[in-house]
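Chain residues, written in single-letter form:
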Amino acid sequence: MKKLVNLIAAISVLLTACTEEKGFNDVYILVDNTEIRSSNESLVSTDNLIDLLGQNGQVTWQIINSVSLNEKKSLSFELPEDATRLQEKKILKPFKEKLEIIKGKYLGPVTEASGGSAIYKPLKSILEKWSGEKNKKTLIIVSDMIENSKFGNFYKPTAVDDVVNNIISSAGELPDDIKNLKIIILYNPQGDTKKQNQFDQAMIYWEKLFS
């Protein structure tokens, strides 16, 4: 069964209530490709992304475990005020087509795993980028959320506080001045009980990190 953890409810990551005001909407999608897997394209709906972006927004895709943290792709659009259906179609149709191509690249099948998983550092980098910004922000993480790096290993049975403190020491505390932020974690264990249990255990560490 598809596993979606909306951290707004689960661990209070919604730092300030999202408003319905018009303006720029920033959506960032971090994808974890550490394990060989089938396609994850169904986890991220193109139509839902369009809804998140509203009238004016940008969606950025980034592989968490890329050799270079700069390997990312951004796509944006802006609808004029009081746009007609024809205007919307002319703008949104090519945007959706490009978005589908990018989805295939970032969420398609993984035939070669990338090894260790360092989630905290790129996540912190994105949150720092958003520090002080007032626009609506949504961070979507497609991952089992298992940190497995020199900074911390969620596979080892270690006290939660020790793991969390070690990870924080690697890159510093997460910023606490971000407004209008929503974080969504998407993971599909594909019926594998072991993977589901590992994900649930990993979320204990992330709840502590986000709190």
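The structure displayed is predicted, hence computed values, not measured ones.

**A few points about the overall build of the chain**
Thought 1: In terms of helices and strands, the chain carries six helices and eight strands.
Thought 2: Along the chain, helices (α) and strands (β) appear in the sequence β-α-β-α-β-β-α-α-β-β-β-α-β-α when read from the amino end.
Thought 3: Within the chain, the fraction of its 211 residues that count as buried is 42%.
Thought 4: Summarising the internal contacts of the chain: among those between residues at least 6 apart in sequence, 80% fall at separations of at least 24.
Thought 5: Split by element, the accessible area of the chain, about 11,300 Å² in all, is 48% carbon and sulfur.

**With respect to unusual backbone geometry**
Thought 1: Despite not being glycine, N180 has its phi angle at roughly 55 degrees, a positive value.
Thought 2: Note that N180 resides in the loop between α5 (160–171) and β8 (181–187).
Thought 3: Within the chain, Q190 stands out as a residue other than glycine whose phi angle is a positive 55 degrees.
Thought 4: Mapped onto the elements of the fold, Q190 is located in the loop between β8 and α6 (193–210).
Thought 5: On the basis of relative accessible area, Q190 is assigned to the partly exposed category, the value being 47%.

**Side note on helix α4 (residues 120–130)**
Thought 1: Turning to α4, its buried residues are Y120, P122, L123, K124, I126, L127 and W130.
Thought 2: In this fold, the buried residues of α4 make contact with β2 (25–31), β3 (56–63), β5 (136–142), α5, β8 and α6.
Thought 3: Directly beyond the C-terminal end of α4, a positive phi value near 85 degrees is found at G132.

**Some thoughts on the packing of aromatic side chains**
Thought 1: For the structure shown, the criterion picks out eight aromatic pairs.
Thought 2: Considering the side-chain rings of F154 and W206, the 6.3 Å spacing of their centres and the 70 degrees angle between planes classify their relative orientation as edge-to-face. Linking F154 in the loop between β7 (152–153) and α5 with W206 in helix α6, this pair joins segments that are 52 residues apart in sequence. Each member of the pair, F154 as well as W206, carries the same accessibility label: buried.
Thought 3: An aromatic cluster is built from Y120, F154, Y205, W206 and F210, whose rings are joined through pairwise contacts.

**Section: the packing of helix α2 (residues 46–53) against helix α3 (residues 85–107)**
Thought 1: Direction vectors running N to C along α2 and α3 enclose 120 degrees, while the axes themselves pass 10 Å from each other. In terms of orientation, α2 lies oblique with respect to α3. In terms of crossing hand, the pair formed by α2 and α3 is right-handed. The segment α2 lies against α3, with T46, D47, L49, I50 and L53 engaging L92, F95, K96, L99, E100 and K103.
Thought 2: For the contact of α2 with α3, a count of residues per class yields six nonpolar, one polar and four charged.

**Section: the confidence of the model for the chain**
Thought 1: Confidence in the prediction for the chain averages 84 pLDDT; 87% of positions are at 70 or higher.
Thought 2: Here residues 1–21 is modelled with pLDDT under 50, and outside its nearest four sequence neighbours on either side it reaches 54 contacts, counting other chains as well.

**Observations concerning the nonpolar core**
Thought 1: With 31 residues, the main nonpolar core has L123, L139, I141, M145 and W206 as its most contacted residues.
Thought 2: Sorting the residues of this core by element identifies β2, α4, β5, α5, β8 and α6 as the ones contributing at least two each.
Thought 3: If one sorts the elements of this core by residue count, α6 sits on top with seven residues.
Thought 4: The residues contacting I141, other than those within four sequence positions of it, are L30, I64, L123, I183, I184, I185 and L186.
Thought 5: Residues I29, V44, L53 and V142 belong to the second largest nonpolar core, which totals 24 residues.

**Side note on the side chain of D26**
Thought 1: Residue position: D26 is located in strand β2.
Thought 2: Engagement of the side chain of D26 in a polar contact is seen with the side chain of W130, the distance being 2.8 Å.
Thought 3: Once residues within four sequence positions are removed from consideration, D26 is found in contact with Q58, K129, W130, N135, K136, K137 and T138.

**With respect to the environment of K195**
Thought 1: Structurally, K195 is set in helix α6.
Thought 2: With 51 residues separating them along the chain, K195 and D144 place their C-alpha atoms 8.0 Å apart.
Thought 3: Apart from the residues lying within four places of it in its own chain, the contact partners of K195 are E35, Y187 and P189.

Calculation rules
Residues numbered from 1 in each chain as written. Predicted model: local features only at pLDDT ≥ 70, side-chain atom pairs only at ≥ 80, totals over all residues. Heavy atoms only, no water. Helix = DSSP H or I, 4+ residues; strand = E, 2+ residues; numbered from the N terminus. Buried < 20%, exposed > 50% of the residue type's maximum accessible area, 1.4 Å probe, protein only. Contact = heavy atoms within 4.5 Å. Areas by Shrake-Rupley, 256 points an atom, 1.4 Å probe, with all protein chains shown as cover. Phe/Tyr/Trp six-rings, centres within 6.5 Å; stacked < 30°, edge-to-face > 60°. Axes fitted to C-alpha atoms, helices over the stretch in contact; angles between N-to-C directions. Parallel < 35°, antiparallel > 145°, perpendicular 65-115°, else oblique. Left-handed = near helix turned anticlockwise from the far one by under 90°. Nonpolar A, V, L, I, M, F, W, Y, C, P; charged D, E, K, R; others polar. pLDDT = per-residue confidence, 0-100. Core = buried A, V, L, I, M, F, W, Y, C linked by side-chain atoms within 4.5 Å. Polar contact = N/O pair within 3.5 Å; in protein donor to acceptor, adjacent residues only side chain to side chain.

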